[in-house]
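Working through the structure, step by step
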Amino acid sequence: MSIGYVNGEFIPVDKPVIPIDERGHQFGDGVYEVIRVYHGKPFMLEEHVQRLFKSAIAIKLNVEQSHEDIQQLIDESIEKSGLADCDVYIQITRGISPRQHLFPDAPVSITLTVKPMRVTEEAIRENGKTAIFHEDERWANCYIKSLNLLPNILAKQNAQDVGGYEAILVKDGFVTEGSSSNVYMVRDQTIYTTPLSKQILPGITRMAVKNIADMLEIPFIEKKFTPDELLQADEVFITSTTNEVMPIAYVDGNKINDGASGEITRLLYRKFFELIEIVQHT
Ligand code: PMP
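Residues numbered from 1 in each chain as written. Predicted model: local features only at pLDDT ≥ 70, side-chain atom pairs only at ≥ 80, totals over all residues. Heavy atoms only, no water.

One non-glycine residue, Asp188, lies in positive phi territory at about 50°. Tracing the backbone shows Asp188 in the loop between strand S10 (182-187) and strand S11 (190-193). On the accessibility criterion, Asp188 (64% relative accessible area) is exposed. A positive phi angle is found at Gln189, which is not glycine, with a value near 60°. Within the fold, Gln189 resides in the loop between S10 and S11. Given the relative accessible area of 48%, Gln189 is considered partly exposed. (Helix = DSSP H or I, 4+ residues; strand = E, 2+ residues; numbered from the N terminus. Buried < 20%, exposed > 50% of the residue type's maximum accessible area, 1.4 Å probe, protein only.)

This is how it looks when you write it as structure tokens:
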């Protein structure tokens, strides 16, 4: 069953609980993580919690709780939900205080939901999704997983409005990442993705895929590429916690190669699920 958690209390997920003067919804003044749970166990939990704290530090959010406290809270929430395959959303904001821009003297708000996993059908994973190119209109600190997602939302909606699934963001003529994913192209059996910088989120799935590529001895090159180069690629795929490894078959109506999942993409997601089976059972 889906459940919610607000500042120390487990609640039904649809119960209205946030006061009007809360920094998260008034300013987007907070950070978050989405963690996927396979077989009752959160996948790459430590990495997610580490990134959550890095994001918090980057916005000068003083979280009193320790990494262990947050991990325990997540574990407890999963157990309470009784769900084995689910998605955990956790956000930490600068708390509840009368609205004004300056940091309040208030404890942070920690809220969380656990909901059933949104499973991708095999056919979609085989056939791939469609994407559009979209101007990257975000700020200079996209490495922070901040609640401020307006440009991401607008880009994703613009993709959907023309029948697309993801917006591949382009800044100064180069692909950065997706509106909610990291982006890769495969050319001559080599994987290319944007190097980590302040301009993109260091995806946890990106980290897993890089490790898998290294293990398989598939070259993994972190180098900027242009939309034109992406259109000429043998394969294009995206990664994220909820998309896992997802092929992109069309971009702006252009077919990528033969317009389905490519060989390397297929290998990567097969190995990704093998990895999950191994680590989730140990
Ligand atoms: N980039 C952006 C902008 C995202 O929102 C996400 C999804 N959180 C990702 C990349 C992928 O990150 P992860 O693999 O950690 O989910």
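Still to come is the rest of the account.
In this section: the site of the ligand. Close to the ligand lie 17 residues; Lys145, Glu177, Ile204, Thr205 and Thr241 are nearest. Between the ligand and Glu177 there is a distance of 2.6 Å, counted from a nitrogen atom to a side-chain nitrogen or oxygen. Contact between the ligand and Thr241: an oxygen atom at 2.6 Å from a side-chain N or O atom of the residue. When the free accessible area of the ligand is taken as 390 Å², the share hidden by the protein chains comes to 93%. At a threshold of 2 Å from the grid points, most atoms of the ligand map onto the largest pocket. Among the elements of the structure, strand S9 (174-178), helix H6 (204-216) and strand S13 (235-240) are those that each provide at least two residues to the shell around the ligand. When the residues that make up the shell around the ligand are grouped by side-chain class, the tally is 2 nonpolar, 11 polar and 4 charged. (Near = heavy atom within 4 Å. Polar contact = N/O pair within 3.5 Å; in protein donor to acceptor, adjacent residues only side chain to side chain. Areas by Shrake-Rupley, 256 points an atom, 1.4 Å probe, with all protein chains shown as cover. 1 Å grid on protein atoms, 1.4 Å probe; cavity = no way out; pocket = protein on both sides within 12 Å on 5 of 7 lines; lining within 4 Å. Sits in = over half its atoms within 2 Å of the grid points. Nonpolar A, V, L, I, M, F, W, Y, C, P; charged D, E, K, R; others polar.)

Turning to the domain arrangement of the protein, a few remarks are in order. On domain assignment, one finds that the protein holds domain 1 (3-116) and domain 2 (122-280). Across the boundary between the two partners, domain 1 contributes 26 residues, which contact 23 residues of domain 2. Each partner contributes to the roughly 2,100 Å² buried at the junction of domain 1 and domain 2, and carbon and sulfur atoms together form 63% of this total. When the buried surface of domain 1 facing domain 2 is broken down by residue, Tyr32, Phe43 and Arg51 rank first, second and third, together holding 30% of it. Linking domain 1 with domain 2 are 1 salt bridge. Where Glu244 meets Arg36, a salt bridge forms, and the shortest distance between an N and an O atom there is 3.2 Å. Joining domain 1 to domain 2, the criterion identifies 12 residue pairs in polar contact (both at pLDDT 80 or more). (Domains from an automatic or database assignment. Contact = heavy atoms within 4.5 Å. Buried area = accessible area lost by both parts, 1.4 Å probe. Salt bridge = Lys/Arg side-chain N within 4 Å of Asp/Glu carboxyl O.)

Turning to the layout of surface pockets, a few remarks are in order. Here the largest pocket defines a volume of roughly 1,200 Å³. Lining of the largest pocket is provided by 44 residues; of these, Tyr32, Val34, Lys145, Ser180 and Thr242 occupy positions nearest its centre. Contributions of two or more residues to the lining of the largest pocket are made by strand S3 (30-38), strand S5 (86-93), strand S6 (109-116), helix H5 (150-161), S9, H6 and S13. For the lining of the largest pocket, the element with the most residues is H5, which contributes 4 residues. Taken together, the residues that form the lining of the largest pocket break down as 18 nonpolar, 17 polar and 9 charged. Looking at which domains feed residues into the lining of the largest pocket, each of domain 1 (3-116) and domain 2 (122-280) supplies at least three. (Points joined across faces, edges and corners; volume = space filled by probe spheres on them.)

Right, let's talk about the nonpolar core for a bit. Nonpolar side chains in soluble globular proteins generally cluster together in the buried interior. Counting 27 residues, the largest nonpolar core has Ile70, Ile74, Ile90 and Ile92 as its most contacted members. Mapped onto this core, the elements with two or more residues apiece are strand S1 (3-6), S3, helix H2 (45-58), helix H3 (67-81), S5 and S6. With 5 residues, H2 is the single largest residue contributor to this core. Apart from residues lying up to four places away in sequence, Ile90 is in contact with Val31, Tyr32, Glu33, Ile35, Leu52, Ile70, Leu73, Ile74, Ile110, Thr111 and Leu112. One finds Val186, Ile212, Val245 and Ile276 within the second-largest nonpolar core, a separate group that totals 21 residues. (Core = buried A, V, L, I, M, F, W, Y, C linked by side-chain atoms within 4.5 Å.)

Quick look at the side chain of Thr111 now. Note on placement: Thr111 falls in strand S6. Classification of Thr111 by relative accessible area gives buried; the value is 13%.

It is worth spelling out empty space enclosed by the protein at this point. With a probe scaled to a water molecule rolled over the atoms, the places where space remains empty come into view. Applying the stated criterion across every chain yields a total of 3 cavities of 30 Å³ or more. Estimated volume of the largest cavity: approximately 70 Å³. Only S3 and H6 provide two or more residues apiece to the lining of the largest cavity. Classifying every residue of the lining of the largest cavity by side-chain character gives 5 nonpolar, 4 polar and 1 charged. In this structure, the lining of the largest cavity is formed jointly by two domains, domain 1 (3-116) and domain 2 (122-280), each of which donates at least three residues.

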